Amino acid sequence: MSTSDITTSWRNFQLRLPLPRSVSGLWVFAIGLILLVMLGVQILSGIVLAMFYVPTAESAFDSIIHIMRSVRHGELVRNMHATGASLFFFACYLHIFRAMYYNVYRKPYLKMWTISVTLYVLLMITAFLGYSLIWGQKSYWAATVITSFARAIPFIGDSLYTYLVGGYAPGTPTIGRFYVLHFIIPFAIVAVTIWHVRTVQSAFAHAMKKTFSAQESQRLLFDFRVTESDAIKLTLFLMLFTWFLFFAPHYLSSADNFIPADPTVTPAIVAPEWYFLPFFSILRCFPNELAGITAMCASVLIFYFLPWLDTSRARFRNYSKLVKVSFWIWVVNAFFLGWLGSKALVGPDLVDGFNHDEGWIRAASQLSTLVYFAWFLIVLPCRRLLEKQD
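Residues numbered from 1 in each chain as written. Predicted model: local features only at pLDDT ≥ 70, side-chain atom pairs only at ≥ 80, totals over all residues. Heavy atoms only, no water.

## As for helix 8 (residues 157-165)
Here comes step 1: For helix 8, the full list of buried residues reads G157, Y161 and V165. Buried residues of helix 8, seen end-on, are gathered within an arc of 50 degrees and therefore sit on one face of the element. For helix 8, the exposed residues lying more than 90 degrees away from the buried face are S159 and Y163.
Here comes step 2: Remark: G166 follows helix 8 within two positions and exhibits a positive phi of approximately 80 degrees. (Buried < 20%, exposed > 50% of the residue type's maximum accessible area, 1.4 Å probe, protein only. Helix = DSSP H or I, 4+ residues; strand = E, 2+ residues; numbered from the N terminus. Arc of directions from axis to C-beta.)

## Considerations on the nonpolar core
Here comes step 1: Membership of the largest hydrophobic core comes to 80 residues, with the highest contact counts inside it found for M100, Y120, F303, W330, Y372, W375 and F376.
Here comes step 2: By size, the runner-up hydrophobic cluster in this structure holds 6 residues, among which are F149, A271, F280 and L283. (Core = buried A, V, L, I, M, F, W, Y, C linked by side-chain atoms within 4.5 Å.)

## A closer look at the packing of helix 5 (residues 74-101) against helix 6 (residues 110-133)
Here comes step 1: The contact between helix 5 and helix 6 brings their axes to 12 Å, and the two run at 155 degrees. Comparing their axes, helix 6 and helix 5 come out roughly antiparallel. Here helix 5 runs over helix 6; the crossing is left-handed. Residues F88, F89, C92, Y93, I96, A99 and M100 of helix 5 lie in contact with helix 6, whose contacting residues are W113, Y120, L123, M124 and A127.
Here comes step 2: Residue composition of the contact of helix 5 with helix 6, grouped by class: 12 nonpolar, no polar and no charged. (Axes fitted to C-alpha atoms, helices over the stretch in contact; angles between N-to-C directions. Parallel < 35°, antiparallel > 145°, perpendicular 65-115°, else oblique. Left-handed = near helix turned anticlockwise from the far one by under 90°. Contact = heavy atoms within 4.5 Å. Nonpolar A, V, L, I, M, F, W, Y, C, P; charged D, E, K, R; others polar.)

## Remarks on the packing of aromatic side chains
Here comes step 1: By the definition in use, this model includes 33 aromatic pairs.
Here comes step 2: In this structure, R151 is placed above the aromatic ring of Y161, and the distance from its NZ or CZ to the ring centre is 3.9 Å.
Here comes step 3: R177 extends its terminal NZ or CZ atom over the ring of Y163, reaching a point 5.8 Å from the ring centre. (Phe/Tyr/Trp six-rings, centres within 6.5 Å; stacked < 30°, edge-to-face > 60°. Lys NZ or Arg CZ within 6 Å of the ring centre and 35° of its normal.)

## Describing the pattern of salt bridges
Side-chain pairing between opposite charges can occur once the charged atoms of the two side chains come close.
Here comes step 1: Within this structure, the stated rule accounts for 2 salt bridges.
Here comes step 2: When the shortest N-O distance is used, the salt bridge between D310 and R383 registers 3.2 Å. Of this pair, D310 sits in the loop between helix 14 (306-309) and helix 15 (321-341) while R383 sits in helix 16 (residues 361-386), and the two are 73 residues apart along the sequence.
Here comes step 3: R383 gets classed as buried once you look at its relative accessible area, which sits at 2%. (Salt bridge = Lys/Arg side-chain N within 4 Å of Asp/Glu carboxyl O.)

## What to know about unusual backbone geometry
Here comes step 1: In this structure, N103 takes a positive phi of about 55 degrees despite not being glycine.
Here comes step 2: Within the secondary structure layout, N103 lies in the loop between helix 5 and helix 6.
Here comes step 3: Look at N103 and you get buried, because its relative accessible area is 3%.
Here comes step 4: One non-glycine residue, W135, adopts positive backbone phi at about 60 degrees.
Here comes step 5: Owing to a relative accessible area of 6%, W135 belongs among the buried residues under this scheme.

## Notes on a nonpolar patch on the surface
Here comes step 1: A cluster of nonpolar side chains, contributed by I47, V48, M51, F52, V180, F183, I184 and F187, occupies part of the molecular surface with about 710 Å² of accessible area.
Here comes step 2: Elements represented by at least two residues in the nonpolar patch include exactly helix 3 (31-50) and helix 9 (172-207).
Here comes step 3: Among the elements that line the nonpolar patch, the one with the most residues is helix 9, at 4 residues.
Here comes step 4: Here M51 shows up in the loop between helix 3 and helix 4 (60-69). (Patch = residues over 30% accessible without salt bridge, like charges linked within 9 Å, V, L, I, M, F, W, Y side chains within 5 Å. Areas by Shrake-Rupley, 256 points an atom, 1.4 Å probe, with all protein chains shown as cover.)

## Some thoughts on the packing of helix 15 against helix 16
Here comes step 1: Across the interface, helix 15 lies against helix 16 with an axial gap of 9 Å and an inter-helix angle of 155 degrees. One way to sum up the angle between helix 15 and helix 16 is to call them roughly antiparallel. Relative to helix 16, the crossing made by helix 15 is left-handed. Each of L322, V323, S326, F327, W330, N333, F336, L337, W339 and L340 in helix 15 lies in contact with helix 16, whose residues at this interface are I361, A364, S365, S368, T369, V371, Y372, W375, F376, V379, R383 and L386.
Here comes step 2: Along the lines of polarity and charge, the residues of the contact of helix 15 with helix 16 split into 16 nonpolar, 5 polar and 1 charged.

## Considering the side chain of T147
Here comes step 1: Mapping T147 onto the fold places it in helix 7 (residues 137-148).
Here comes step 2: Under the relative-accessibility criterion, T147 is labelled buried at 5%.
Here comes step 3: Within the local environment of T147, its side chain forms a polar contact with the backbone oxygen of A143, the two atoms lying 2.6 Å apart.
Here comes step 4: Within the structure, T147 has its side chain in polar contact with the backbone oxygen of T144 (distance 3.2 Å).
Here comes step 5: Leaving out residues up to four positions away in the same chain, T147 has contacts with Y161, V165 and F178. (Polar contact = N/O pair within 3.5 Å; in protein donor to acceptor, adjacent residues only side chain to side chain.)

Structure, rendered in structure tokens:
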């Protein structure tokens, strides 16, 4: 079979799906393909690691060291899983920012957006569980702090904490619960991903006012008319992944997590991985634990309500410059929240000002949290007054 025949067969296998002009030329549109590839990398490497991992408080950390030192190619697989998680979330955040910038949450994309947010929540849960399974000094205390906030929930807090932890403090029962959930939830993510891909197909078909045959609707592969360009973008991302994997595999990890968990020694700074830091900063900046956990949950769940908070129906060409600038301020503020989450929480509350000998991290975290929610609760509802409606 000649090269041209193979190319023809490949193109016939793909679904020729046109896209709205506003997104067909964006390089970030290939992030969906990147996320699919990275999801496969995470699942395959996770299955291999699960064959050697021992889910007990006494052996969890040692089993990871055994994987890295004694198992053939174990260090490569383990670094692939850990580094892949960081780059997976990096691509995921780019995907979310693009969708927010171009308002890909309105009709006919409403269902697609809701499923996307659900996928993100499942990814966050899975990543937190996997990070805790390392049972290093940093991951142990991060899991201890996060699970302890469950006690602040009225009426069910103590029972929920006992159920999550399996006792009065994190230990072997905790690892067992986290290990099972960390292994099972990715298969739910795969199912939701397939649902999401089908929803994307339906949403774009509706946007282009095109009706597809039953045979076309059953296919999951697309041809966005930029297939070759997507392949280049995927290759560039994998080159970045490979660079971290071989030259800086621990750059995105904390040195404290290479120390076995010690319940008697608290680290100077307790913080999760970088992709959780903005939400962790929101969680801890409130003096009241219930207020903190409510704000953290709201900071994630508020994405579900974007289609109703955004009152504008303007097309991209009519987007207000003020709204665009506000969006980029929100993005920069999200990164600033993450930086604040990596620092020790010192200083007074925001109402006491920034001028204090103890520091200003708490006040800055509270102010940054207000800016975070201002985009959703002030800017988006006012967009209809600022933009020409179509």
